[in-house]
Amino acid sequence: MVVDHGSVSCVETMAVSKFKATCLSVLQNVKKTGRPILVTRFGQPMREIHEAGLFFKWPWPFEQAHQVDVRRRIHNTPFSATFTSDRRNVVLLTYVVWRTEDPLLFLQSVGSREAAEEKLSDMVVHRKNFYLGGYELSALVSTNPEDIKTAEIEERILADVAKDASEKFGIRVEQVG
């Protein structure tokens, strides 16, 4: 029990070895989560922290710590209709596997996972419509395996989207399908 200026409160005590073990387990947990910290001072980025440990930060509103999740994410774009070169209407859903590559650029350009997925959806649907317009329906659905070109179409979409997403948003697109 601790008496401080007339107020009484209960304080839990623990051994130094238990405290050290608890701190080390918390630091290891931070390392496993895959979430680097971006520290901003009055909104301006000051430093990125990629390793677990104890670091100094001024309290809010001077400095703020932003966690950025760099784990892989899967996002499905909405269904969209497009025309093939033989004037067939096709309705397709596309998925994107992505992760944050540059936390600073990511926070400055999109700021959140939801905004990033919206931008990725727009980019992927636009590229999908562009490239599918150059192929016939048999490139997507055929009884002849040599006619199917889905892997080629996916590679072309991935090449365009990955370059733009990395440069503009700090996002690494790993797969499109």
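Structure: above.
Fair warning: this is a prediction, and the values are worked out from it, not measured in the lab. (Residues numbered from 1 in each chain as written. Predicted model: local features only at pLDDT ≥ 70, side-chain atom pairs only at ≥ 80, totals over all residues. Heavy atoms only, no water.)

J.: If you had to explain the sheet that holds strand β4 (residues 44-49) to someone new, which residues and values would you point to?
T.: With antiparallel pairing, the three strands of this open sheet are ordered in space as β4-β3-β5. A strand with exactly one partner marks an edge of an open sheet, and here the two such strands are β4 and β5 (63-67). Recorded for the sheet is a direction-independent mean angle of 25° between the axes of neighbouring strands. In this structure, strand β3 (residues 37-41) lies alongside β5, joined through five bridges in antiparallel fashion. Bridge pairing in β5 places Arg41 opposite Glu63. (Pairing = 2+ DSSP bridges. Helix = DSSP H or I, 4+ residues; strand = E, 2+ residues; numbered from the N terminus. Axes fitted to C-alpha atoms, helices over the stretch in contact; angles between N-to-C directions.)

J.: Please set out the environment of Tyr135 residue by residue, giving values where relevant.
T.: Topologically, Tyr135 is positioned in the loop between α3 (113-132) and α4 (150-169). Between the alpha carbons of Tyr135 and Thr84 there is a distance of 5.7 Å; along the sequence they are 51 residues apart. Not counting residues up to four positions away in its chain, the partners in contact with Tyr135 are Thr84, Ser85, Lys149, Glu152, Ile153 and Arg156. Reaching out from Tyr135, the side chain makes a polar contact with the side chain of Arg156 at a distance of 3.0 Å. (Contact = heavy atoms within 4.5 Å. Polar contact = N/O pair within 3.5 Å; in protein donor to acceptor, adjacent residues only side chain to side chain.)

J.: Describe the packing of aromatic side chains, naming the residues involved and giving the relevant values.
T.: This structure, assessed with the given rule, holds three aromatic pairs. Ring geometry for Phe42 versus Phe62: centroids 5.9 Å apart, planes at 85°, classification edge-to-face. Taken as a pair, Phe42 in the loop between β3 and β4 and Phe62 in the loop between β4 and β5 lie far apart in primary sequence, 20 residues in all. Judged by its relative accessible area of 42%, Phe62 is partly exposed. Ring geometry for Trp98 versus Phe106: centroids 6.4 Å apart, planes at 25°, classification stacked. Judged on exposure class, the residue Trp98 and its partner Phe106 are both buried. Sitting above the plane of the Phe83 ring, Arg87 keeps its charged end 6.0 Å from the centroid. (Phe/Tyr/Trp six-rings, centres within 6.5 Å; stacked < 30°, edge-to-face > 60°. Buried < 20%, exposed > 50% of the residue type's maximum accessible area, 1.4 Å probe, protein only. Lys NZ or Arg CZ within 6 Å of the ring centre and 35° of its normal.)

J.: Could you give me a rundown of the sheet that holds strand β9 (residues 95-100), with the residues and numbers involved?
T.: Read from one edge of the open sheet, three strands run β6-β9-β10, paired in antiparallel fashion. The sheet is open, and its two borders are formed by β6 (73-76) and β10 (171-176), each paired with just one other strand. Pairwise comparison of adjacent strand axes, ignoring direction, gives a mean angle of 30° for this sheet. Across the sheet, α3 touches β6, β9 and β10, and the angle it forms with β9 is around 135°.

J.: I'd like a rundown of α3, residues and numbers included.
T.: When the terminal C-alpha atoms of α3 are compared, their 28 Å separation across 20 residues agrees well with the 28 Å that a helix rising 1.5 Å per residue should span. Within α3 the residues assigned to the buried category are Ala116, Glu117, Leu120, Ser121, Met123, Val124, Val125, Arg127, Lys128, Tyr131 and Leu132. (Expected span 1.5 Å × (residues − 1).)

J.: Tell me about the nonpolar core, residues and numbers included.
T.: It is characteristic of soluble globular proteins that their nonpolar side chains tend to be buried jointly. Of all hydrophobic cores here, the largest spans 23 residues; its most connected members are Trp98, Phe106, Leu120, Val161, Ile171 and Val173. Residue assignment for this core shows that the elements contributing at least two residues are β9, α3, α4 and β10. The leading source of residues in this core is α3, at six residues. Val161 has contacts with Leu120, Met123, Val124, Arg127 and Val173, leaving out every residue within four places of it along the chain. (Core = buried A, V, L, I, M, F, W, Y, C linked by side-chain atoms within 4.5 Å.)

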